[in-house]
Amino acid sequence: ISSWTGSAATSAQSSMFSGATAFQAKFKCTNADTGPASSCAIPNYDQYYILAQNTCESEGYMTILNLNQCRIAGRALSGDASKWFRFDQPADGYSTPGSGNTGGCTFHSGNVDNDIQFFPYASGSCGLYNFHCICGAFAPIPDASWHTFVDACLAEAPVTGECTAWASG
C-alpha cells in the first residue's frame, strides 16, 4: 500500500479497511476503518519507552525517526487510539535541525496526555526544552524459543545468518 498514489491513498476513504481484521491486526493506520492508506504502517517495535535524559541508543533503545512509527508509538504509550500530533506541527514534523533540540518522536514533559511532537531533523538528547524522547525497542526472544528462532533464521540465510525476511515477518 505504500506505493499507492492519488487522492484515495492520501485521503480517508469511507470503510476502506472496515472488517479487514487480518489487515488491521498487522497494520496501524491513522484510522483503522478509513485509513488513509498512506498512513498505514507495520509497527517497527514491540515496546516503547519515554526517556527524560541521555539518548534512546545510550539506553539500548532506538530513536524513532519515522512519522507513522511516531504516531503508532504515541498511541501505544498513551492508550489513546486517536492520539495525534500537536496542532502547529507541519505535516512531516518540525524542521528544526541540530543538536540543540531533542530529536525524533517526543512527548513534552514526558506526559502522554500531551500531543505527540516529531523532530526528524534535530539530533539533541532527550529532555532538552523538556521534550522527552519516545523510544522503540524489540521484545527479547524468550529463552524457551531461542533454538526455534535460530533454526528459522538459519534456514533462511544459512551462510550469513542475516535473516532479514524472517525478522520482518
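Look up a bit, the structure's there.
Read on for a plain summary of the structure. On a predicted model such as this, the values are computed, not experimentally measured, just so you know. (Residues numbered from 1 in each chain as written. Predicted model: local features only at pLDDT ≥ 70, side-chain atom pairs only at ≥ 80, totals over all residues. Heavy atoms only, no water.)

Things to note about unusual backbone geometry
Cis geometry is adopted by the peptide bond preceding Pro36, which originates at Gly35 and carries an omega value of 0°. Mapped onto the elements, Pro36 comes out in the loop between helix H2 (21-26) and strand E1 (47-51). Not every positive phi belongs to a glycine, and Asn54 is a case in point at roughly 65°. By the element assignment, Asn54 lies in the loop between E1 and strand E2 (62-63). Look at Asn130: it is not a glycine, yet its phi comes out positive at around 70°. As for its position among the elements, Asn130 is in the loop between strand E6 (122-124) and strand E7 (131-137). (Helix = DSSP H or I, 4+ residues; strand = E, 2+ residues; numbered from the N terminus.)

Remarks on the packing of aromatic side chains
The full count for this structure, using the stated rule, is 5 aromatic pairs. Ring centres 6.4 Å apart and planes at 80° place the aromatic pair Tyr45 and Tyr48 in the edge-to-face group. Residue Tyr45 shares its accessibility class with Tyr48, and that shared class is buried. Where Tyr94 meets Phe119, the ring centres are 4.7 Å apart and the plane angle is 20°; that geometry is what we call stacked. One end of the pair, Tyr94, is in the loop between helix H3 (67-78) and strand E3 (98-102); the other, Phe119, is in strand E5 (residues 116-119), with 25 residues separating them in the sequence. One exposure class covers both Tyr94 and Phe119, and it is buried. Grouped by ring-pair contacts, the aromatic residues Tyr94, Phe119 and Phe131 constitute a single cluster. (Phe/Tyr/Trp six-rings, centres within 6.5 Å; stacked < 30°, edge-to-face > 60°. Buried < 20%, exposed > 50% of the residue type's maximum accessible area, 1.4 Å probe, protein only.)

A look at H3
Taking 1.5 Å of rise per residue, 12 residues should cover 16 Å, and H3 covers 17 Å from first to last C-alpha, within 8% of that figure. Residues Asn68, Gln69, Cys70, Arg71, Ile72, Ala73, Gly74 and Arg75 constitute the buried set of H3. On its buried face, H3 is in contact with E1, strand E4 (104-108), E5 and E7. Of the residues that open H3, the one with a side-chain oxygen 3.0 Å from the backbone nitrogen of Asn68 is Asn66. One or two steps after H3, the chain reaches Gly79, where phi turns positive at roughly 75°. (Expected span 1.5 Å × (residues − 1). Contact = heavy atoms within 4.5 Å. Polar contact = N/O pair within 3.5 Å; in protein donor to acceptor, adjacent residues only side chain to side chain.)

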